[in-house]
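Coordinate analysis (summary)
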Amino acid sequence: YQTAYGHRRLEAARRLAIKVQAVVRPLSDDALVLAQGKENAERRNLTFIERALFARTLVARGFDRKVAGEALAVEKSELSRLLQVAEAVPEHVVRAIGPAPKAGRDRWMAMGGLLAHEAGVAKADEEIGLVRFAEADSDKRFQFIFSRLTAKEKTKAAKPRDLKDSSGRVFARLVTT
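The present account deals with the structure reproduced in this document. (Residues numbered from 1 in each chain as written. Predicted model: local features only at pLDDT ≥ 70, side-chain atom pairs only at ≥ 80, totals over all residues. Heavy atoms only, no water.)

1. Examining the overall build of the protein
Going by this rule: Here a helix means four or more residues in a row that DSSP labels H or I, a strand means two or more in a row labelled E, and each is numbered from the N terminus. We compute the radius of gyration over the C-alpha atoms and compare it with the globule rule, which gives 2.2 Å times the number of residues raised to the power 0.38. For each residue, the accessible area found with a 1.4 Å probe, counting protein chains only, is set against the maximum for its type, and the residue is called buried under 20%, exposed over 50%, and partly exposed in between. Here, two residues are considered to be in contact whenever any of their heavy atoms come within 4.5 Å of each other.
What the protein contains, in helices and strands, is 10 helices and two strands. Taken from the N to the C terminus, the helices and strands of the protein come in the order α-α-α-α-α-α-α-α-α-α-β-β. Its C-alpha atoms give the protein a radius of gyration of 26 Å, more than 25% over the compact-globule value 16 Å for 177 residues. If you line up the protein on its principal axes, its C-alpha atoms span 100 × 40 × 25 Å. Looking at the protein as a whole, 33% of its 177 residues qualify as buried. In the protein, 59% of the contacts between residues at least 6 apart in sequence involve partners at least 24 apart.

2. Overview of the pattern of salt bridges
Filter applied, for reference: What makes a salt bridge here is a side-chain nitrogen of Lys or Arg within 4 Å of a carboxyl oxygen of Asp or Glu, nothing more.
Scanning the entire structure with this criterion turns up 14 salt bridges. Arg 81 serves as the salt-bridge partner of Glu 78, at 3.1 Å between the closest nitrogen and oxygen. Of this pair, Glu 78 and Arg 81 both sit in helix α5 (residues 76-88), three residues apart, roughly one helical turn. With a relative accessible area of 13%, Glu 78 lands in the buried category. By relative accessible area, Arg 81 is classed as partly exposed at 26%. In this structure, the salt-bridge partner of Arg 169 is Asp 165, at a minimum N-O distance of 3.7 Å. Judged by relative accessible area, which is 55%, Arg 169 ranks as exposed. Among the charged side chains, a network of salt bridges with common partners joins Arg 51, Glu 78, Arg 81, Arg 105 and Asp 106.

3. Some remarks on the pairing of strand β1 (residues 161-164)
This is how the line gets drawn: In short, DSSP must find at least two bridges between two strands for them to pair.
Note: β1 against strand β2 (residues 170-174), four bridges, orientation antiparallel. Across the sheet, Arg 161 pairs through a bridge with Leu 174, a residue of β2. In sequence, β1 turns back onto β2 through a hairpin of five residues, with Gly 168 there showing a positive phi of about 90°.

Next comes the structure, spelled out in structure tokens:
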């Protein structure tokens, strides 16, 4: 048997050593996924990234995209965006940030683009290692990484070079920018 609904309630009953009654009925894999998606949606409003991870998990487990879309109650185009972000943002970064309810789809998609290169992932990893990151709430952690990835690199000012004539006298100072 497999639990379709009430994973948390079942775990609480186990910890309390309480017997519970259950409704047992046959469900196809697709029906099970749809039921779990409905349960999650009713439990609370999942954030964009939580839905993206759920979609990726379903597709990775071999479920058809149509079933994944139905489980999340999203259109085909929105499912594509969810999967795009779930693939673009490394899972360890998502887990470090958390649900970030205020971030929204557009900013998660932008972050996915910023993390397309190893340099972006390295910057995110540096930010994740900071104490202020660990102490912040999920939305602030998202903002820390997003700000770090979108910050313009400061270029060092070019050192002026003295131009001298044949007698060694400085006749000009050259600065290249």
